[in-house]
Amino acid sequence: MRVAMVGSGYVGLVSGACFADFGHNVVCVDKDPDKIEALKNGKIPIYEPGLEKLVEENVRLGRLSFSIDIVAAVSAADVVFIAVGTPSRRGDGFADLSYVYSAAREIACSLTGFTVVVTKSTVPVGTGDEVERIISEANPAANVSVVSNPEFLREGAAIDDFKRPDRIVVGTNDKNAEHMMREIYRPLYLNAAPIIVTNRRTAELIKYAANAFLATKITFINEIADLCEKVGADVQEVARGIGLDKRIGAKFLHAGPGYGGSCFPKDTIALVKTAQDLGTPVRLVETVVAINEQRKRAMARKVIGACSGSVRGKTIAILGLTFKPDTDDMRDAPALSIIAALQDEGATIRAYDPEGMDTARLVLANVTYANDAYDCAQNADAIVIVTEWNAFRALDFARLRQVMKSWVMIDLRNIYKYAEVAKEQFQYVGVGTHRDTFKN
Ligand code: UGA
């Protein structure tokens, strides 16, 4: 099948490369000529494990190409995916659909023959209707079916998520379009990935409901973590204890500094705004958004508490800046709020991240960047693990003791245990753990 992927950002690039890997003929299009030129030269603009190799292989096999020529790509395609960004609109938090709508306008005039136009971007309910209206207004003769096919890719694990999905959601009432979507995903459902076919609006809502539910699950365990600290319980044990109940499930129960990234924060806010507008507020999600926002700065207070109540004039070593490991993405990363709050209280910040420092330099001021964890810990009064990169999971405490001013570790991802760190003569503070829990 011939595929045009409009938008070669994170979702477009991963989806395009994976569809090509299934054997389809894919052209990834983008407005940014520099990005396309770089991609043609094998340079991937984002850090995603396995992506470079996948792109390289499929380009070599002639199944994947990059272009700024949307007209040529769309007119040759059986299926056109819209995978452009839907950021939060400045000022009101609604999803900014201007990129989606302008892509629809551009696509409209280049369509030839029956074409399925698929929104892959996360878009509010009803966006598919508007895309359909825009296309038929711009090109009344177009023979087109507009389908919703939300993505469920986690950064850092996107290729695996694409190739081994829990489910594929397709929103359409059109049998021809459904048939083509089944064809495009054929290699997956032959591997027994369920395809759920719903109407378009349902598919659009499934995406928001999934992200809002996961954000709620994380926020729930984060609040339970706070309670654990007060009552002398251990949140990891609580998570295990409830997660083994199949009705609850073990995933997304890791307590931490609050969720971040390019999806949960913007999608939860967009859902809240849409629901408020329709007079059916999703109050639970409203609360989740508020709790998560407060939590990031609360983590800075945790650090200050571990530093005897003040960080003024102290040096704090931050390990991990990105919103999660295996990405260079800093969007809505908890590190941003935590660092700002610590700086407000007079701390000097040293930081290290295996992949995120180039992006961090653009958004963080007055931070000294280090070459590795030990360089970061030089003269530090405390070390704070903000992102659970593998590189931080087996730190050499003897080396840390040599370079640090005070031996204090605040582990916001619970990658260590109190007992093992205490044995290394470090003062240890985790999330949802209490030293009493480890006394026995
Ligand atoms: C999320 C969803 O997991 C994907 O299914 C979805 O397709 C994607 O958003 C999207 O809408 O495009 P992503 O944001 O890449 O993917 O990353 P997640 O692994 O979901 O993590 C999001 C945030 O939650 C991170 O800040 C992470 O540290 C945090 N988190 C996650 C926790 O604090 N605890 C957990 O147990 C899990």
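For the structure, see preceding data.
Participant: Just to check I follow, could you spell out the side chain of Asp78 for this structure?
Facilitator: Mapped onto the secondary structure, Asp78 falls in the loop between helix H4 (70-75) and strand E4 (79-82). Assessed through its relative accessible area of 18%, Asp78 is described here as buried. A polar atom in the side chain of Asp78 sits 2.8 Å from the backbone nitrogen of Arg2. Here Asp78 is in contact with Met1, Arg2, Phe114, Thr115, Val116 and Met180, once residues within four sequence places are set aside.

Participant: Is there a simple way to think about the pairing of strand E9 (residues 315-319) in this case?
Facilitator: Note on strand geometry: in a regular strand, side chains alternate between the two faces of the sheet. The element E9 is extensively covered by neighbouring structure, given that five of its five residues are classed as buried. Sheet analysis places E9 next to strand E10 (residues 348-352), joined by five bridges and oriented parallel. Each bridged residue has a counterpart across the sheet, and for Ile316 the counterpart in E10 is Ile349. Assessed by its sense of winding, the connection that carries the chain from E9 through helix H14 (residues 334-344) to E10 is right-handed. Sheet analysis places E9 next to strand E12 (residues 382-385), joined by four bridges and oriented parallel. In the sheet register, Ile318 faces E12, and the bridge partner there is Val384.

Participant: What exactly am I supposed to notice about the pairing of strand E1 (residues 2-6) here?
Facilitator: Taken across its five residues, E1 has four buried, putting it largely inside the fold. In terms of strand pairing, E1 meets strand E2 (residues 25-29) through five bridges, oriented parallel. Across the sheet, the residue bridging to Ala4 is Val27, located in E2. For the segment spanning E1, helix H1 (residues 10-21) and E2, crossover handedness is right-handed. Pairing of E1 with E4, which is carried by four bridges, proceeds in the parallel orientation. Residue Val3 lies in a different strand from E4, and its bridge partner there is Val79.

Participant: It is not clear to me how the environment of Leu319 should be interpreted in this structure. Could you clarify?
Facilitator: Inspection of the secondary structure assignment puts Leu319 in strand E9. Residue class for Leu319 comes out buried when judged on its relative accessible area of 0%. The sequence separation of Leu319 and Val197 amounts to 122 residues, and the corresponding C-alpha distance is 43 Å. Not counting chain neighbours up to four residues away, the residues in contact with Leu319 comprise Tyr352, Ala373, Cys376, Ile383, Val384, Ile385, Val386, Thr387, Phe392 and Leu395.

Participant: Hey, could you run me through the packing of helix H10 (residues 200-231) against helix H13 (residues 283-306) in this one?
Facilitator: Between two packed helices, what matters for the description is the angle formed by their axes and the separation of those axes. One way to put it is that H10 packs onto H13 with a least axis distance of 10 Å and a crossing angle of 45°. By the angle between their axes, H10 is oblique relative to H13. The hand of the H10/H13 crossing is left-handed. Residues Ala212, Ala215, Thr216, Thr219, Asn222, Glu223, Asp226 and Glu229 of H10 form the contact with H13, whose own contacting residues are Leu284, Val285, Val288, Ile291, Arg295 and Lys302. Considered class by class, the residues forming the contact of H10 with H13 number six nonpolar, three polar and five charged.

Participant: Would you explain the sheet that holds strand E13 (residues 408-411) in this entry?
Facilitator: As summarised here, the arrangement of the six strands in space is E11-E10-E9-E12-E13-E14, forming an open sheet in which the pairing is parallel. Pairing within the sheet leaves two strands with one partner each, and these edge strands are strand E11 (367-369) and strand E14 (427-429). The mean angle between the axes of side-by-side strands here comes to 20°, regardless of whether they run parallel or antiparallel.

Scoring rules and cut-offs
- Residues numbered from 1 in each chain as written.
- Predicted model: local features only at pLDDT ≥ 70, side-chain atom pairs only at ≥ 80, totals over all residues.
- Heavy atoms only, no water.
- Helix = DSSP H or I, 4+ residues; strand = E, 2+ residues; numbered from the N terminus.
- Buried < 20%, exposed > 50% of the residue type's maximum accessible area, 1.4 Å probe, protein only.
- Polar contact = N/O pair within 3.5 Å; in protein donor to acceptor, adjacent residues only side chain to side chain.
- Contact = heavy atoms within 4.5 Å.
- Pairing = 2+ DSSP bridges.
- Right-handed = clockwise from strand over helix to strand, strands pointing away.
- Axes fitted to C-alpha atoms, helices over the stretch in contact; angles between N-to-C directions.
- Parallel < 35°, antiparallel > 145°, perpendicular 65-115°, else oblique.
- Left-handed = near helix turned anticlockwise from the far one by under 90°.
- Nonpolar A, V, L, I, M, F, W, Y, C, P; charged D, E, K, R; others polar.

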